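# Per-entry structural report
Each chain is listed here by its residues.
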Amino acid sequence: MSILTSISGPSGSGKTRSFKNLNWDESFVIRPNRKPFSFPGAGKLKTWDPTEKKGHYIYLDDYKTINAVLEKLSEYGKKVIIIDDSTHLLLKQTMDTAKEKGYDKFMDIALNYYNLLIAAQSLPDDVRVYIVNHIDLDANGDEIVKVVGGKFITEKIDVPSLLTVALRAIKTKDGYKFKTQSNGRDFYKSPEGMFKEEYIENDLEEVDNTICEYYGIEKTKITKKEEE
């Protein structure tokens, strides 16, 4: 079973920024939303070449293909898999079915998102999947994963229970940070002793290093070419 981590926050909180120091020998981004990466050095990243089986990211916005790609990536040495802006998947399906009537379409939206989380959770033990999403507030004012087109996901699916780690991206006067623990009114969490501080640097590579050390996972070494 792979390690599933969420990175949540509003636009501008540093979610994608945290990718900038990743070891791209082992990292891969599935991008449902076609927009440029927002971090220095992103220009060196290449789209996936299906012939050469090389690349750093791919644009996909349908669940079936994403789930199929998730199953294959570890075979190509990709142990860090990021689903960037998963909220866009919910938005797309909501808009695609906007003219459909009935409750079933909301069940389909929830089921597709749930199956994505299960697929991400069901990869080999040494794979780390990071799912990026936006946040919303529930009726009590507590932060939740942002849903689009209906509340079925938050009412019927306990998303946090499927996550090993849940980080909150925050922009402060001191810079960008990740929050690692709950304040009692949100879903952010990490296993006991994994992170020494409640707030850590906004650096997904360091987060991944910490997760690997905690669970005894051997990381892919950065090649000389990648360092250059």
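It should be noted that the structure appears before, not after, this text.
Structural notes, computed from the coordinates. Quick caveat, the model's predicted, so the values are computed rather than measured.

### Quick look at the overall build of the protein
When you go through the protein residue by residue, the secondary structure sums to six helices and ten strands. Computed over the C-alpha atoms, the radius of gyration of the protein is 17 Å, within 12% of the 17 Å expected from 2.2 N^0.38 for a compact globule of 228 residues. If you line up the protein on its principal axes, its C-alpha atoms span 55 × 45 × 30 Å. A burial count over the protein gives 50% of its 228 residues as buried. When contacts within the protein are restricted to residue pairs at least 6 apart in sequence, those whose partners lie at least 24 apart make up 69%. A total accessible area of about 11800 Å² is found for the protein, and carbon and sulfur atoms account for 50% of it. In the protein, 34 side chains carry a positive charge and 37 a negative one; their mean positions are 5 Å apart.

### So, the sheet that holds strand 10 (residues 199-201)
The sheet built from eight strands is open, its strands ordered 3-2-4-5-1-8-9-10 with mixed pairing. At either margin of the open sheet sits one strand with a lone partner, and together these are strand 3 (57-59) and strand 10. For this sheet, the mean angle separating the axes of adjacent strands, direction not counted, is 25°. Here strand 2 (residues 27-31) pairs with strand 3 via three bridges, running parallel.

### A few points about the packing of aromatic side chains
Taken as a whole, this structure holds nine aromatic pairs when the rule is applied. With centroids separated by 5.2 Å and ring planes inclined at 85°, the aromatic side chains of phenylalanine 37 and tyrosine 57 adopt a geometry described as edge-to-face. With phenylalanine 37 in the loop between strand 2 and strand 3 and tyrosine 57 in strand 3, this residue pair connects regions lying 20 residues apart in the sequence. Residue classification places phenylalanine 37 among the buried positions, given a relative accessible area of 14%. Between tryptophan 48 and tyrosine 76, the aromatic rings sit 5.4 Å apart at their centres with planes inclined by 40°, giving tilted as the arrangement.

Conventions used here
- Along each chain, residues carry numbers from 1 onward, in the same order as the chain's sequence is written.
- For this predicted model, a pLDDT threshold of at least 70 governs which residues receive local features, and a threshold of 80 or more governs which side-chain atom pairs are given and counted, while totals over whole chains, interfaces and linings are taken from all residues.
- Heavy atoms throughout the structure, all of them, feed into the side-chain values; hydrogens and water do not.
- Each helix is a run of DSSP H or I of at least 4 residues and each strand a run of E of at least 2, with the numbering of both proceeding from the N terminus.
- Just to be clear, the radius of gyration here is over C-alpha atoms, and the globule rule we use is 2.2 Å times residues to the power 0.38.
- Burial classification: accessible surface area is computed with a 1.4 Å probe over protein chains only, and a residue below 20% of its type maximum counts as buried, one above 50% as exposed, and the rest as partly exposed.
- Should any heavy atoms of two residues lie within 4.5 Å, those residues are considered in contact.
- Accessible areas in this description were obtained via Shrake-Rupley with a 1.4 Å probe; residue shielding takes into account the shown protein chains only.
- Here the positive residues are Lys and Arg and the negative ones are Asp and Glu; neither His nor the chain ends is included.
- We put the charge of a Lys on NZ, of an Arg on CZ, of an Asp on CG and of a Glu on CD.
- Between any two strands, at least two bridges found by DSSP are needed for them to pair.
- Only C-alpha atoms enter the line fits that serve as axes; for helices the fit covers just the stretch in contact. Angles between N-to-C directions range over 0 to 180 degrees.
- Two rings from Phe, Tyr or Trp (for Trp, the six-membered ring) form a pair when their centres are within 6.5 Å of each other. A pair whose planes differ by under 30 degrees is stacked, one over 60 is edge-to-face, and the rest are tilted.

So far we have only geometry, and geometry alone does not tell us how the molecule works.
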